[in-house]
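In case you want the letters, here they are:
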Amino acid sequence: MAMGEINWTKLEELAIEAMGTAYAPYSGYPVGVAGLTADGRLVSGCNVENASTGLGTCAENGMVSALIRAGGGRLVAVYCVNGNEEVVVPCGRCRQILYEHGGPELLVYMPEAGPQPMTYVLPEAFGPRSLQEYGGSASVDYSKTIF
């Protein structure tokens, strides 16, 4: 899907809507994210905190869970906002999760740079192919990986 076919405004609106449902009573930092799949579906997620801090989930993780629940697919574009409706970058953990489900071509909207591929957002990423190249688990069917 070409970048010109991506409706970044629609993704921003959906990310803001998702942010409005975030559960962030501890940090006070709600986050929402929206993604576009290769087959044109939209998915979204919000962060969900927990009193046991390490058990909370980021918005991107929630979005990928929704993606998998809806039948899977490859993400092609992602837009993430904070409680002020400002675009924000995914944390390191989420960059890895996004890479897993979008690959190196996934476009992530960055605050200063605009849409950037994962190769910019997470250079030299570790992914399913890395495991295949270096003798990963025989129980994984690498022919079904996204990239």
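Okay, so let's go over this structure. Since this is a predicted model, take the numbers as computed values, not measurements. Throughout, residues of each chain are indexed from 1 in the direction in which the sequence is written. Where totals are concerned, whole chains, interfaces and linings use all residues; where local detail is concerned, this predicted model gives features only for residues with pLDDT of at least 70, and gives and counts side-chain atom pairs only at 80 or more. With hydrogens and water excluded, all non-hydrogen atoms of the structure serve as input to the side-chain values.

### Focus on the environment of Leu67
Okay, so step 1: The helix count covers DSSP runs of H or I at least four residues long, the strand count covers runs of E at least two residues long, and both are numbered beginning at the N terminus. On the secondary structure map, Leu67 appears in helix H2 (residues 59-69).
Okay, so step 2: Between buried and exposed lies partly exposed: a residue is buried under 20% and exposed over 50% of the maximum accessible area for its type, with that area taken using a 1.4 Å probe on protein chains only. Its relative accessible area of 0% is what places Leu67 among the buried residues.
Okay, so step 3: Taking the C-alpha atoms as reference points, Leu67 and Gly45, 22 residues apart in sequence, are found 9.5 Å from one another.
Okay, so step 4: For Leu67, the residues in contact, after removing those within four places along its chain, are Thr37, Arg41, Val43, Gly72, Gly73, Leu75 and His101. Contacts were defined at the residue level, with two residues in contact if any of their heavy atoms lie within 4.5 Å.

### Considering the pairing of strand S5 (residues 114-117)
Okay, so step 1: The pairing of strand S4 (residues 107-110) with S5 spans 4 bridges and is antiparallel. In the sheet register, Leu107 faces S5, and the bridge partner there is Pro117.
Okay, so step 2: For two strands to count as paired, DSSP must find a minimum of two bridges between them. The loop that links S4 with its antiparallel partner S5 comprises 3 residues.

### Re the state of the cysteines
Every disulfide links exactly two cysteines, by a covalent bond between their sulfur atoms.
Okay, so step 1: Two cysteine sulfurs form a disulfide in these notes if their separation is within 2.5 Å. Within the structure shown, the criterion is met by 0 disulfides.
Okay, so step 2: In this model Cys91 remains outside any disulfide bridge; the closest cysteine sulfur is found in Cys94, 3.6 Å from its own.
Okay, so step 3: What makes Cys91 partly exposed here is its relative accessible area of 35%.

### With respect to the sheet that holds strand S1 (residues 31-37)
Okay, so step 1: Strand order across the open sheet formed by 5 strands is S2-S1-S3-S4-S5, with mixed pairing between neighbours. Edge positions in the open sheet fall to strand S2 (42-46) and S5, since each of these has one partner strand only. Direction aside, neighbouring strands of the sheet carry axes that sit 25° apart on average.
Okay, so step 2: One ladder, built from 5 bridges, connects S1 with S2; its direction is antiparallel. Paired with Gly35 across the bridge in S2 is Val43.
Okay, so step 3: Think of each axis as a best-fit line through the C-alpha atoms, taken over the contacting stretch in the case of a helix, with angles from 0 to 180 degrees between the N-to-C directions. The sheet strands contacting H2 are S1, S2 and strand S3 (75-82), and the helix crosses S2 at an angle near 140°.

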